[in-house]
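Listed here are the chains, written in short residue letters.
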Amino acid sequence: MFTALAALSGMEREYIRDRTLEGHESARKNGKAIGGATVTDEAMLSMALHLRDQDLSLREIASRLVITQGAKRGRHPSPATVMRVLRDHDEENPAKTWT
C-alpha cells in the first residue's frame, strides 16, 4: 500500500513540475520576466568593465561594486552576478571579449 502511495505522490510531483514549466514558458512567450528583480544597471556594467580591464578577479570586482537600487541596495553583487553581466555584455559585443 505504501508503495502505491509513493508512486502516486511521485506522479503528482511530476505533474506539478510540468505545469510549472509550462507556465514559465507561456509567461516568457508573453514577454514576462521570470525570476527576481535585476540588481545591475549601466553604471555597474561600465564599472565592472573598467575593473575587468585592470585584470581583477570576479570576486575582487564584486567586492568593489555596490547595488544602487531595490531591496538589496547598499550590498555587493555576487561574483556569479558579475560574471553573468560581463558574459551578457560580451555576447552582445563579441569583439570585446575577456581573455
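Provided above is the structure to which this section pertains.
Basis of the calculations
- Counting restarts for each chain, with residues numbered from 1 along the sequence as it is written.
- The predicted nature of this model means local features are confined to residues of pLDDT at least 70 and side-chain atom pairs, given and counted, to a pLDDT of 80 or more, with totals for whole chains, interfaces and linings taken over all residues.
- Values reported for side chains reflect all heavy atoms of the structure, with hydrogen atoms and water molecules removed beforehand.
- By the criteria applied, helices consist of DSSP H or I runs no shorter than four residues and strands consist of E runs no shorter than two, each listed in order from the N terminus.
- Radius of gyration: C-alpha atoms only; globule rule: 2.2 Å multiplied by the number of residues to the exponent 0.38.
- Buried, partly exposed and exposed residues are distinguished by accessible area as a fraction of the type maximum, computed with a 1.4 Å probe on protein chains only: under 20%, between the cut-offs, and over 50%, respectively.
- Any two residues having at least one pair of non-hydrogen atoms within 4.5 Å are treated as being in contact.
- The accessible surface values rely on the Shrake-Rupley method and a 1.4 Å probe; as for residues, cover is taken only from the protein chains in view.
- One less than the residue count of a helix, multiplied by 1.5 Å, gives the span that helix is expected to have.
- What the arc measures is the spread of directions leading from the helix axis to the C-beta atoms.
- Buried Ala, Val, Leu, Ile, Met, Phe, Trp, Tyr and Cys residues that are joined via side-chain atoms within 4.5 Å together make up what is termed a nonpolar core.
- By salt bridge we mean one thing: a side-chain nitrogen of Lys or Arg within 4 Å of a carboxyl oxygen of Asp or Glu.
- The angle between two axes is taken between their N-to-C directions and runs from 0 to 180 degrees, where each axis is a line fitted to C-alpha atoms and a helix contributes only its stretch in contact.
- For this classification, under 35 degrees means roughly parallel, over 145 means roughly antiparallel, 65 to 115 means roughly perpendicular, and everything else is oblique.
- Just so you know the grouping, Ala, Val, Leu, Ile, Met, Phe, Trp, Tyr, Cys and Pro go in nonpolar, Asp, Glu, Lys and Arg go in charged, and all remaining residues, Gly too, go in polar.

Colleague: Would you take a moment to explain the overall build of the protein for this structure?
Modeller: In terms of helices and strands, the protein carries four helices and zero strands. In the protein, the succession of helices and strands from N to C terminus is α-α-α-α. By the compact-globule yardstick of 13 Å for 99 residues, the protein is too spread out, its C-alpha radius of gyration being 20 Å. Among the 99 residues that make up the protein, the fraction classed as buried is 21%. A fraction of 40% describes how many contacts in the protein between residues 6 or more apart in sequence connect residues 24 or more apart. Of the roughly 7900 Å² that the protein leaves accessible, carbon and sulfur atoms contribute 54%.

Colleague: Honestly, helix 2 (residues 42-53) in this entry has me stumped. Any pointers?
Modeller: A turn of α-helix holds 3.6 residues, and therefore any two residues three or four places apart point the same way. Along its 12 residues, helix 2 runs 17 Å from first to last C-alpha, staying within 8% of the 16 Å computed at 1.5 Å per residue. Along helix 2, the residues classified as buried are M44, L45, A48, L49, L51 and R52. When helix 2 is viewed along its axis, its buried side chains cluster within an angular range of 165 degrees and face the same direction. Facing away from the buried surface of helix 2 by more than 90 degrees, the exposed residues are E42 and D53. Where helix 2 terminates, the next one or two residues include D55, which has phi positive at roughly 60 degrees.

Colleague: Help me out: how do you make sense of the nonpolar core in this one?
Modeller: Within soluble globular proteins, side chains that are nonpolar generally end up buried alongside one another. One finds L45, A48, L51, I61, L65, V82 and L86 to be the most contacted residues of the largest nonpolar core, which totals 14 residues. Counting residues per element, the ones that place at least two in this core are helix 2, helix 3 (58-64) and helix 4 (79-92). Considering every element that reaches this core, the biggest residue donor is helix 2, with five residues. Residues in contact with L51, not counting those within four places in the same chain, are L56, I61, R64 and L65.

Colleague: How should the pattern of salt bridges be read in this particular structure?
Modeller: Charged atoms that come close allow side chains of opposite charge to pair. A complete count under the given rule lists four salt bridges for this structure. One salt bridge in this structure joins R52 and D90, with 2.8 Å as the shortest N-O distance. Note that R52 is positioned in helix 2 and D90 in helix 4, a separation of 38 residues in sequence.

Colleague: I would appreciate a short explanation of the packing of helix 2 against helix 4 in the present structure.
Modeller: Two numbers describe a pair of packed helices, the interaxial angle and the distance between the axes. Running from N to C, helix 2 and helix 4 cross one another at 90 degrees; their axes reach a closest spacing of 10 Å. In this view, helix 2 runs roughly perpendicular relative to helix 4, as classed from their interaxial angle. Across the interface between the two elements, L45, A48, L49 and R52 of helix 2 pack against V85, L86, H89 and D90 of helix 4. When the residues that make up the contact of helix 2 with helix 4 are grouped by side-chain class, the tally is five nonpolar, one polar and two charged.

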